[in-house]
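These are the residues of each chain, in order.
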Amino acid sequence: MGNLVRFGISMEAGLLRDFDEFIKKKGFKNRSQAIAQCLRDYLSQALETIPEAVVTGIIILVYNHEKRDLVDTLIDLQHAFVGNIISTLHVHLDHHHCLEIIVVKGKTSDLKELANKLISVKGVKQGCFRVVSPVQDE
Ligand code: NI
């Protein structure tokens, strides 16, 4: 953990009340811990808008594996971006559906290109890309 700095925050009472309820539900020990985590999450997500930023992320796909040519297309795309893929988790959700979580690393622009190509394959029912890069504490 980096050097701790204290600072004051002013906000509307209703917003603080909602935030305190959020803190309680999530199980944070205090406001400082919750605010720090919210900021890290926000800053990590903000990296998604910087094309040259090198980040770690996940691509989540849900698809029907019975769809013609779908699996071949997904595999071809992943091989085309092999340098960006760290690992893939495949779960057979039910008789028809598969969940795939692809852990990726590289320039945001490349990862978004891969994610968009995968998510837009015909037969993919749900998909998203999320940056999960840790944000520096110091
Ligand atoms: Ni499957």
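For the structure, see preceding data.
Described below are features of the structure shown in this document.

### Things to note about the pairing of strand S3 (residues 97-107)
Consideration 1: By the bridge criterion, 11 bridges tie strand S1 (residues 54-64) to S3 in an arrangement that is antiparallel. Across the sheet, the residue bridging to Asn 64 is His 97, located in S3.
Consideration 2: Alignment of strand S2 (residues 85-92) against S3, held across 7 bridges, turns out to be antiparallel. Residue pairing across strands places Thr 88 opposite Ile 102, the latter belonging to S3.
Consideration 3: Two successive antiparallel strands, S2 and S3, enclose a turn made up of 4 residues.

### Some details on the coordination of the nickel ion
Consideration 1: Each protein donor to the nickel ion is listed here as His 90 (NE2), His 92 (ND1) and Cys 98 (SG); together their distances run 2.0 to 2.3 Å.
Consideration 2: You can call His 92 exposed: its relative accessible area is 63%.

### Notes on helix H3 (residues 70-80)
Consideration 1: Those residues of H3 that fall on the buried side of the exposure criterion are Leu 70, Leu 74, Leu 77 and Gln 78. The arc enclosing the buried residues of H3, seen along the axis, measures out at 100°, which places them on a common side. Pointing more than 90 degrees away from the buried face of H3 are the exposed residues Asp 76, His 79 and Ala 80.
Consideration 2: Looking at the packing, one finds that the buried side of H3 touches S1, S2, S3, helix H4 (108-119) and strand S4 (124-131).

### What about the packing of helix H1 (residues 13-26) against helix H2 (residues 31-46)?
Any two packed helices are characterised by how steeply their axes cross, that is the angle between the axes, and by the distance between the axes.
Consideration 1: At their nearest, the axes of H1 and H2 sit 10 Å apart, and the two run at 95° to each other. The orientation of H1 with respect to H2, classified from their angle, is roughly perpendicular. Contacts from Leu 16, Phe 19, Asp 20, Phe 22 and Ile 23 of H1 reach H2 at Arg 31, Ala 34, Ile 35 and Cys 38.
Consideration 2: Of the residues assigned to the contact of H1 with H2, the class counts are 7 nonpolar, no polar and 2 charged.

### Brief notes about the packing of H3 against H4
Consideration 1: Their axes nearest at 10 Å, the elements H3 and H4 cross at an angle of 170°. Our classification of the angle between H3 and H4 gives roughly antiparallel. Contacts from Leu 74, Leu 77 and Gln 78 of H3 reach H4 at Leu 114, Lys 117 and Leu 118.
Consideration 2: Tallied by class, the residues present in the contact of H3 with H4 amount to 4 nonpolar, 1 polar and 1 charged.

### Quick word on the side chain of Asn 64
Consideration 1: Note on placement: Asn 64 falls in strand S1.
Consideration 2: A polar side-chain atom of Asn 64 sits 2.8 Å from the main-chain amide nitrogen of Glu 66.

### Here we look at the pattern of salt bridges
Opposite charge on two side chains permits them to pair, given that their charged atoms come into close proximity.
Consideration 1: In this structure the tally under the stated criterion is 4 salt bridges.
Consideration 2: In this structure, Lys 107 engages Glu 52 in a salt bridge whose closest nitrogen and oxygen atoms are separated by 3.6 Å. Of this pair, Lys 107 sits in strand S3 while Glu 52 sits in the loop between H2 and S1; the two residues are 55 residues apart in sequence, bridging distant segments of the chain.
Consideration 3: According to the relative accessible area criterion, Lys 107 is partly exposed, its value standing at 31%.
Consideration 4: By relative accessible area, Glu 52 is classed as exposed at 56%.

### A few points about the packing of aromatic side chains
Consideration 1: Under the defined criterion, the tally for this structure stands at 2 aromatic pairs.
Consideration 2: Centroid distance Phe 19 to Phe 22: 5.8 Å. Interplanar angle 25°. Geometry classified as stacked. Taken together, the residues Phe 19 and Phe 22, both in helix H1 and 3 residues apart, mark about one turn of the helix.
Consideration 3: Pairing Phe 22 with Phe 28 gives two aromatic rings, centres 6.1 Å apart and planes at 40°, and the pair type is tilted.
Consideration 4: Three or more aromatic residues joined by ring pairs form one cluster here, namely Phe 19, Phe 22 and Phe 28.

The rules we used
Residues numbered from 1 in each chain as written. Predicted model: local features only at pLDDT ≥ 70, side-chain atom pairs only at ≥ 80, totals over all residues. Heavy atoms only, no water. Pairing = 2+ DSSP bridges. Helix = DSSP H or I, 4+ residues; strand = E, 2+ residues; numbered from the N terminus. Donors = N, O, S within 2.8 Å, 3.2 Å for Na, K, Ca; no water. Buried < 20%, exposed > 50% of the residue type's maximum accessible area, 1.4 Å probe, protein only. Arc of directions from axis to C-beta. Contact = heavy atoms within 4.5 Å. Axes fitted to C-alpha atoms, helices over the stretch in contact; angles between N-to-C directions. Parallel < 35°, antiparallel > 145°, perpendicular 65-115°, else oblique. Nonpolar A, V, L, I, M, F, W, Y, C, P; charged D, E, K, R; others polar. Polar contact = N/O pair within 3.5 Å; in protein donor to acceptor, adjacent residues only side chain to side chain. Salt bridge = Lys/Arg side-chain N within 4 Å of Asp/Glu carboxyl O. Phe/Tyr/Trp six-rings, centres within 6.5 Å; stacked < 30°, edge-to-face > 60°.

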